[in-house]
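Structure assessment
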Amino acid sequence: MLISSKGRYALRLAVCIAQAGPEAKVSLREVAEREELSLKYLEQIARPMVSAGLLASVRGKGGGYRLARDPQDILAGDVLRAVEGTTVPVTCAALDGPEPCHRADVCTTGRFWAGLDEVIEKYVDGVTVGDLAAAPQPHIEIAE
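What comes next is a walk through the structure. (Residues numbered from 1 in each chain as written. Predicted model: local features only at pLDDT ≥ 70, side-chain atom pairs only at ≥ 80, totals over all residues. Heavy atoms only, no water.)

We now examine the pairing of strand S1 (residues 55–58). In terms of strand pairing, S1 meets strand S2 (residues 64–67) through four bridges, oriented antiparallel. Counterpart to Ala 56 in the pairing with S2 is Arg 66. Adjacent in sequence and paired antiparallel, S1 and S2 are bridged by five residues, among which Gly 60 carries a positive phi angle near 95°. (Pairing = 2+ DSSP bridges. Helix = DSSP H or I, 4+ residues; strand = E, 2+ residues; numbered from the N terminus.)

Structural data, given as structure tokens:
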């Protein structure tokens, strides 16, 4: 499965806001600078996150964004689905189609893709934004 930059950046945005604290309002400019991300791209990513009820926009002086729920109540999967649409590993009517797959009775790989989808869902829904925000930052050694 390939998560796009939208999914990766959305998760970084949510974690950055969570790390600022429950009462903090964080501007996208601050996130862009801290995370070294494009401000314009973050603006595009924030919209579906607000629509999904993950972020709340606070207008006015000192405004910005805050998490709409407690970071422990926001699953990594919620964030990914808000911006990616789905976390299914393949385009397969059996997994994400609106109609039942006409090949379901004879498909030799359908169970494999369904099993992989189940593993992915379990993993992304087993980690919260709060978990990621509390994780220690890695120390990167620079080779000489």
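The next point concerns the environment of Ser 57. Within the secondary structure, Ser 57 sits in strand S1. The sequence separation of Ser 57 and Val 124 amounts to 67 residues, and the corresponding C-alpha distance is 25 Å. Ignoring sequence-local partners within four residues, the contact set of Ser 57 consists of Gly 64 and Tyr 65. (Contact = heavy atoms within 4.5 Å.)

Moving on to unusual backbone geometry. Phi at Glu 36 takes a positive value of approximately 55°, unusual for a residue other than glycine. Its place among the elements puts Glu 36 in the loop between helix H2 (28–35) and helix H3 (39–51).

Glancing now at the packing of aromatic side chains. Tallied over the full model, the rule gives two aromatic pairs. Centre to centre, the rings of Tyr 9 and Tyr 41 are 5.5 Å apart; their planes meet at 80°, and the pair counts as edge-to-face. Pair noted here: Tyr 9 is in helix H1 (residues 5–20) and Tyr 41 is in helix H3, with a separation of 32 residues, a long-range link. Taking relative accessible area as the criterion, Tyr 41 reaches 22% and is therefore assigned partly exposed. Ring plane angle 75° and centroid distance 4.7 Å describe the contact between Phe 112 and Trp 113, whose orientation is recorded as edge-to-face. The exposed category is assigned to Phe 112, whose relative accessible area is 53%. (Phe/Tyr/Trp six-rings, centres within 6.5 Å; stacked < 30°, edge-to-face > 60°. Buried < 20%, exposed > 50% of the residue type's maximum accessible area, 1.4 Å probe, protein only.)

Mapped onto the elements of the fold, Thr 86 is located in the loop between helix H4 (76–84) and helix H5 (93–96). Along the chain, Thr 86 and Asp 96 lie 10 residues apart, while their C-alpha atoms are 8.4 Å from each other. Of the polar contacts made by the side chain of Thr 86, one reaches the backbone nitrogen of Val 88; its length is 3.2 Å. (Polar contact = N/O pair within 3.5 Å; in protein donor to acceptor, adjacent residues only side chain to side chain.)

Spatial relationships are all this shows, so hold off on functional conclusions.
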